[in-house]
Amino acid sequence: MNPLIVIPARMASTRLPDKPLAMIGVKPMIAHMLDRAREAGIGPAIVACDGPAIANAVEKEGGQAIITDPDHPSGSDRVWEAVKLYDPAGKYDIIINLQGDVPTLEPHLLRELLKPLQDKKVDISTLIAKITDFAEVTNPSVVKAIGDFKGGHGRAENFSRSALGGAPHYHHIGVYAYRREALKKFVSLLPSAREKSEKLEQLRALDNGMRIDAVLVDTVPLGVDTPEDLEKARKIIGDK
């Protein structure tokens, strides 16, 4: 496998405007994301952004940014445009879509993400963690993965914001590794009815017969969506 990590980032954010440039310690959040990607040690990392503001911040940190169409409907579309621009020859056969707002991500999780793709039948891999706080089970902002993951990994049968099925419940961590051809196919598909209803992009893949496998990990990175989340990230990361 020859992975490429792509971090989609855009300035528009309803709850936290200009989120990628929010300072955490001495660096903007997007720079911390580049650091986490590099620390994984699995391949190059680029940022797929929506304009020069983010690109300038990335380049200041010695990273590479690809400016993409600001009107993309999703991060996956932004990632695919960046892949085509950065790697038109198709050198990289695995594309990791690493969201740009999880600066506390432990880099080893990206290495775990590659394991399911050793099976040629798997199109996409992702991460899950066992839910230990019951409040998360009923919280619609916590996406749940459904499947048999008791062996540490397994095929995802469904994803939902509701508490489907019995215990244990699994928290879906929205980081993905795609086979390049799977990502190309995914962005060509129309959103499915379930995707629109649940507002979960991964349901489009399942509804079109694509296979998603998940790896069970023991930590959930903090997603930064609000000013309160940003303050938590600053406390965790400190002055780095």
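Summary of the structure given here. Just so it is clear, the model here is predicted, and its values are computed rather than measured. (Residues numbered from 1 in each chain as written. Predicted model: local features only at pLDDT ≥ 70, side-chain atom pairs only at ≥ 80, totals over all residues. Heavy atoms only, no water.)

### Focus: helix α1 (residues 29-40)
Logical step 1: With twelve residues, α1 should reach 16 Å at 1.5 Å per residue; the first-to-last C-alpha distance of 17 Å fits that figure.
Logical step 2: Where burial is concerned, most of α1 is hidden: ten out of the twelve residues are buried.
Logical step 3: The set of residues buried in α1 consists of M29, I30, A31, H32, M33, L34, D35, R36, A37 and A40.
Logical step 4: In the stretch just after α1, G41 is the one whose phi turns positive, near 65°. (Helix = DSSP H or I, 4+ residues; strand = E, 2+ residues; numbered from the N terminus. Expected span 1.5 Å × (residues − 1). Buried < 20%, exposed > 50% of the residue type's maximum accessible area, 1.4 Å probe, protein only.)

### What to know about the environment of D213
Logical step 1: Tracing the backbone through its elements, the reader meets D213 in strand β11 (residues 212-217).
Logical step 2: Taking relative accessible area as the criterion, D213 reaches 5% and is therefore assigned buried.
Logical step 3: In the structure, D213 is positioned 124 residues away from A89 in sequence and 27 Å away in space, judged by C-alpha atoms.
Logical step 4: In this structure D213 touches P116, V122, I124, S125, T126, G154, R155 and A156, once residues within four positions along its chain are discounted. (Contact = heavy atoms within 4.5 Å.)

### Topic: the pattern of salt bridges
Charged atoms that come close allow side chains of opposite charge to pair.
Logical step 1: Under the defined criterion, the tally for this structure stands at 14 salt bridges.
Logical step 2: The salt bridge involving D35 is made with K27; its shortest N-O contact spans 2.6 Å.
Logical step 3: Taking the relative accessible area as the measure of exposure, D35 reaches 14% and is therefore buried.
Logical step 4: In this structure, the salt-bridge partner of R38 is D35, at a minimum N-O distance of 3.9 Å. Residue R38 and its partner D35 are both found in helix α1; the two are separated by three residues, about one turn of the helix.
Logical step 5: Relative accessible area serves as the criterion here: at 39%, R38 is assigned to the partly exposed category.
Logical step 6: Here the salt bridges share partners, and the residues they tie into one network are D119, K121, R211 and D213. (Salt bridge = Lys/Arg side-chain N within 4 Å of Asp/Glu carboxyl O.)

### Quick look at the layout of surface pockets
Logical step 1: Size it by volume and the largest pocket reaches roughly 1,900 Å³.
Logical step 2: Looking at the largest pocket, it is lined by 48 residues, and the ones nearest its centre are K19, Q99, D101, G174 and D225.
Logical step 3: Elements that contribute at least two residues to the lining of the largest pocket include exactly β1 (3-9), α3 (75-86), β10 (170-179), α8 (202-207) and α9 (227-237).
Logical step 4: For the lining of the largest pocket, the element with the most residues is β10, which contributes seven residues. (1 Å grid on protein atoms, 1.4 Å probe; cavity = no way out; pocket = protein on both sides within 12 Å on 5 of 7 lines; lining within 4 Å. Points joined across faces, edges and corners; volume = space filled by probe spheres on them.)

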